[in-house]
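Here is what each chain is made of, one letter per residue.
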Amino acid sequence: VARSGIGSPMKLYARPHELIIVREANDHHEYISARILHINPAGPLAKVEMERKNGSLLQAEVSASLVQKEKLVKGMTVLVRPTHTRVFTDLGPKP
């Protein structure tokens, strides 16, 4: 949960296939640091489960070739960024 400019809580959501994983920042984007907990290669796609420093989990679906190219392994710290996000701002209790 983050805060908008006016102090209202908001939540960002990205689908697993909309996350990019890199070992080093290579552009002007902002990244989230996360540690790889598990990699499940399943055909041409691999499911990667990661944990942020705050304990929240991230799940990504990336190509198996990216896992090999970046030499991703369990326990490695990587950088993650979404290609698309959805913002939810109505997080308060419902009347």
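Calculation rules
Residues numbered from 1 in each chain as written. Predicted model: local features only at pLDDT ≥ 70, side-chain atom pairs only at ≥ 80, totals over all residues. Heavy atoms only, no water. pLDDT = per-residue confidence, 0-100. Helix = DSSP H or I, 4+ residues; strand = E, 2+ residues; numbered from the N terminus. Salt bridge = Lys/Arg side-chain N within 4 Å of Asp/Glu carboxyl O. Buried < 20%, exposed > 50% of the residue type's maximum accessible area, 1.4 Å probe, protein only. Pairing = 2+ DSSP bridges. Axes fitted to C-alpha atoms, helices over the stretch in contact; angles between N-to-C directions. Contact = heavy atoms within 4.5 Å.

### A few points about the confidence of the model for the chain
The predicted model of the chain averages 84 in pLDDT, with 83% of residues at 70 or higher. The secondary-structure element of the chain with the lowest mean pLDDT is strand β1 (residues 2–3), recorded at 44, while strand β5 (residues 45–52) shows the highest, at 96.

### What about the pattern of salt bridges?
Side chains that differ in charge, positive against negative, can pair when their charged atoms come close. Inspection of every chain in the model, using the stated rule, returns two salt bridges. Among the salt bridges present, the one from Glu-18 reaches Arg-86, with a minimum N-O distance of 2.9 Å. Of this pair, Glu-18 sits in the loop between β2 (9–13) and β3 (19–22) while Arg-86 sits in strand β8 (residues 86–88), placing them 68 residues apart in sequence. Here Arg-86 falls in the partly exposed class, since its relative accessible area comes to 25%. Arg-35 is the partner of Glu-51 in a salt bridge, and the nearest nitrogen-oxygen pair spans 3.0 Å. Linking Glu-51 in strand β5 with Arg-35 in strand β4 (residues 32–42), this pair joins segments that are 16 residues apart in sequence. Judged by its relative accessible area of 36%, Arg-35 is partly exposed.

### Thoughts on the sheet that holds β4
Taken together, five strands build an open sheet; the order of strands is β3-β7-β4-β5-β6 and the sheet is antiparallel. Every interior strand has two partners, whereas the edge strands, β3 and β6 (57–63), have only one. The mean angle between the axes of side-by-side strands here comes to 45°, regardless of whether they run parallel or antiparallel. Across four bridges, the pairing between β3 and strand β7 (residues 77–82) is antiparallel. Considered in β7, the bridge of Ile-20 is made with Arg-81.

### Brief notes about the environment of Leu-12
Mapped onto the elements of the fold, Leu-12 is located in strand β2. C-alpha of Leu-12 to C-alpha of His-84: the two residues are 72 residues apart in sequence and 9.8 Å apart in space. Every residue in contact with Leu-12, bar those within four places of it in the chain, is listed here: Arg-86 and Val-87.

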